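Examining the three-dimensional arrangement
Now for the letters of each chain:
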Amino acid sequence: MYVTCPNCRNKFKAKKRVQPVSEYEIAKMMEDKDKKYKELVKQIIDRIRRNIPSENKKQSIYNFIEKISNYPILTISRAYNMYITKGYFWQSKGFNYFMKMVETVDEDWVKYEDNQKKKFGTSPKTIEWNKNDKNKNSKSKSSKKETNSRRSKSVN
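Note that this is a predicted model, so its numbers are computed, not measured.

1. Details of unusual backbone geometry
Phi angles above zero are rare outside glycine, and Ser92 is one such case at about 60 degrees. In this fold, Ser92 is placed in the loop between α4 (73–85) and α5 (95–120). By relative accessible area, which is 53% here, Ser92 ends up exposed.

2. Comments concerning the packing of aromatic side chains
Any pair of aromatic rings gets described here by the distance separating the centres and the angle formed by the planes. Counting across every chain of the model gives six aromatic pairs. Judged by centre distance (5.4 Å) and plane angle (85 degrees), the rings of Tyr83 and Phe98 are edge-to-face. Placement of Tyr83 in helix α4 and of Phe98 in helix α5 is noted, with a sequence separation of 15 residues between them. Side by side, Tyr83 and Phe98 carry an identical accessibility label, which is buried. Three or more aromatic residues joined by ring pairs form one cluster here, namely Phe64, Tyr83, Tyr88, Phe95, Tyr97 and Phe98. The ring of Tyr37 carries the charged tip of Lys33 above its face, separated from the ring centre by 5.2 Å.

3. A word on the packing of helix α3 (residues 58–68) against α5
The contact between α3 and α5 brings their axes to 10 Å, and the two run at 5 degrees. Regarding the angle of α3 to α5, the classification is roughly parallel. From α3, Ser60, Ile61, Phe64, Lys67 and Ile68 reach across to α5, where they touch Phe95, Asn96, Phe98 and Met99. When grouped by side-chain class, the residues that make up the contact of α3 with α5 number six nonpolar, two polar and one charged.

The rules we used
- Residues numbered from 1 in each chain as written.
- Predicted model: local features only at pLDDT ≥ 70, side-chain atom pairs only at ≥ 80, totals over all residues.
- Heavy atoms only, no water.
- Helix = DSSP H or I, 4+ residues; strand = E, 2+ residues; numbered from the N terminus.
- Buried < 20%, exposed > 50% of the residue type's maximum accessible area, 1.4 Å probe, protein only.
- Phe/Tyr/Trp six-rings, centres within 6.5 Å; stacked < 30°, edge-to-face > 60°.
- Lys NZ or Arg CZ within 6 Å of the ring centre and 35° of its normal.
- Axes fitted to C-alpha atoms, helices over the stretch in contact; angles between N-to-C directions.
- Parallel < 35°, antiparallel > 145°, perpendicular 65-115°, else oblique.
- Contact = heavy atoms within 4.5 Å.
- Nonpolar A, V, L, I, M, F, W, Y, C, P; charged D, E, K, R; others polar.

Such coordinate-based values are descriptive only and should not be taken to indicate function.
Structural data, given as structure tokens:
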């Protein structure tokens, strides 16, 4: 929709007036999520709002929650740990940067785990011993005769 200026008769696009987002709408989006998910998202929002004043708008919070609701909690928590450990909130990287991190972690985590396995190796297999099974490491009397290693004679 174009609007004309009454003085100079120039045509330009009119801005859409967006209704402000209420806290009720934000709470309604988080209503069906579990407790851990809500706490994690609140931590992220609080951290970004405290350190980046320009992100302290209800519309940006609403958009962030709308976008992040498509990802599992494990992906979000991994991205949040990276965000905190590398100190991106001190570098004024807000909701959009965090969303990009979540997308990247979601896509590349399998490759990241493979690289970690190559770098550090895998943990050894765990062996479960049953009480009824004979301990394989215990010494049992064998049919061989024990020998004295110095003299190579059998010891009786």
